[in-house]
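Reading the structure
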Amino acid sequence: MRGLLIGRFQPFHLGHRYLIEQIDEAVDEVVIGIGSAGQSHTRENPFTAGERVHLVQDALEELDAKTYLIPIADIERNAMWVTHIETLCPEFDVVYSNNPFVERLFEEAGYEVRGTPLHERDRYCGSEIRRRMVAGDRWRPLVPDPVAAAVDDIGGVARLQKITDDDT
Ligand code: NAD
């Protein structure tokens, strides 16, 4: 059985790793969609799809999970979104999401959608990690070590600080 999980992973954090560990126990293979793949260089989406593939792939090497990483750009027509995903991903049997809109679109398309367990959501949260990066606070303990190293390699914190400065 194959499960699908979609997230923006801006950046991938320890909550996401916990989630993938849980999903991996329930299915044989996990398809991980890198959502909003066309977005980058903004405060909400600082990292490109390619960078996020790199971050997630490095983090997953610590796990013994069979995964596929697929960048998925947003499209204008929500009614076609599930079909769009079906054309990009290996066939999947069940979808994991807590996002009510994502849940509705997949259920209307006939998929079983399972809610996902949250792990210390107040800390392990993309917006909190980006806030800490901008403020110069400690963000590294909230992400897997390989993700921290990859963010450093691409100058991710300096980029996010510059984007934020330019916006304000
Ligand atoms: P997200 O990035 O907010 O979260 C991904 C998953 O991680 C979710 O299941 C979330 O519950 C989980 N998670 C987050 N923190 C966690 C923690 N601490 N512990 C455990 N789990 C945790 O994902 P999202 O917002 O649902 O992403 C949906 C994507 O789908 C977006 O990129 C969106 O643009 C896209 N989308 C596109 C269209 C379209 O193109 N028309 C339509 C709908 C959705």
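How each quantity is defined
Residues numbered from 1 in each chain as written. Predicted model: local features only at pLDDT ≥ 70, side-chain atom pairs only at ≥ 80, totals over all residues. Heavy atoms only, no water. UniProt positions renumbered as here; feature names shortened; annotations may be inferred. Pairing = 2+ DSSP bridges. Helix = DSSP H or I, 4+ residues; strand = E, 2+ residues; numbered from the N terminus. Axes fitted to C-alpha atoms, helices over the stretch in contact; angles between N-to-C directions. Contact = heavy atoms within 4.5 Å. Near = heavy atom within 4 Å. Polar contact = N/O pair within 3.5 Å; in protein donor to acceptor, adjacent residues only side chain to side chain. Areas by Shrake-Rupley, 256 points an atom, 1.4 Å probe, with all protein chains shown as cover. Buried < 20%, exposed > 50% of the residue type's maximum accessible area, 1.4 Å probe, protein only. Salt bridge = Lys/Arg side-chain N within 4 Å of Asp/Glu carboxyl O.

The protein chain goes by Nicotinamide-nucleotide adenylyltransferase in an unreviewed UniProt entry, where it is assigned to Natronomonas pharaonis. You can read under Sequence similarities (unreviewed entry) in the UniProt record for the protein chain the words "Belongs to the archaeal NMN adenylyltransferase family."

**Here we look at the sheet that holds strand β5 (residues 112-114)**
As summarised here, the arrangement of the five strands in space is β3-β2-β1-β4-β5, forming an open sheet in which the pairing is parallel. Edge positions in the sheet fall to β3 (67-71) and β5, since each of these pairs with one other strand and no more. Taking the axes of each pair of neighbouring strands and ignoring which way they run, one obtains an average angle of 25° across the sheet. Contacts from helix α4 (residues 100-108) reach β1 (2-7), β4 (94-96) and β5, with the element oriented near 155° to β5.

**Section: the pairing of β1**
Across six bridges, β1 lies against strand β2 (residues 29-34) in parallel orientation. Across the sheet, Arg2 pairs through a bridge with Glu29, a residue of β2. In this sheet, β4 lies alongside β1 in parallel orientation, the contact comprising three bridges. From the neighbouring strand, Leu4 faces β4, where its bridge partner is Val95.

**A look at the site of the ligand**
Residues in close proximity to the ligand total 25 residues, the closest being Ser36, Ile75, Asn78, His119 and Arg121. At 3.4 Å from an oxygen atom of the ligand is found a side-chain nitrogen or oxygen belonging to Trp81. At 2.8 Å, a backbone N or O of Tyr124 approaches a nitrogen atom of the ligand. Within the complex, 87% of the 870 Å² of free accessible area of the ligand lies under protein. Where the shell around the ligand is concerned, the elements lending two or more residues are β1, α1 (14-26) and α4.

**A closer look at the environment of Asp28**
Tracing the chain through its elements places Asp28 in the loop between α1 and β2. It is 5.8 Å that separates the C-alpha atoms of Asp28 and Arg2, two residues lying 26 residues apart in sequence. Those residues in contact with Asp28, other than ones at most four positions away along the chain, are Met1 and Lys66.

**Quick notes on unusual backbone geometry**
For the peptide bond that leads from Gln10 to Pro11, omega is 0°, which places it in the cis range. Take Pro11: it is sitting in the loop between β1 and α1. One non-glycine residue, Phe9, lies in positive phi territory at about 55°. Topologically, Phe9 is positioned in the loop between β1 and α1. A positive phi angle is found at Glu120, which is not glycine, with a value near 45°. With respect to the secondary-structure elements, Glu120 resides in the loop between β5 and α5 (126-135). By relative accessible area, Glu120 is classed as partly exposed at 37%.

**Considering the pattern of salt bridges**
Once their charged atoms are close, side chains differing in charge can pair, the charge on each being opposite to the other. Scanning the entire structure with this criterion turns up twelve salt bridges. Salt-bridge contacts for Glu29 lead to Arg2; the nearest nitrogen and oxygen are separated by 2.7 Å. Placement of the pair is Glu29 in strand β2 and Arg2 in strand β1, with a sequence separation of 27 residues. For Glu29, a relative accessible area of 17% translates into the label buried. Measuring nitrogen to oxygen at the nearest pair gives 2.7 Å for the salt bridge that ties Glu51 to Arg159. Taken together, the residues span a long stretch of sequence, with Glu51 in helix α2 (residues 49-60) and Arg159 in helix α7 (residues 156-167) at a distance of 108 residues. Here Glu51 falls in the buried class, since its relative accessible area comes to 15%. Salt bridges here are not isolated pairs; linked through shared partners, they connect Glu128, Arg131, Arg132 and Asp137.

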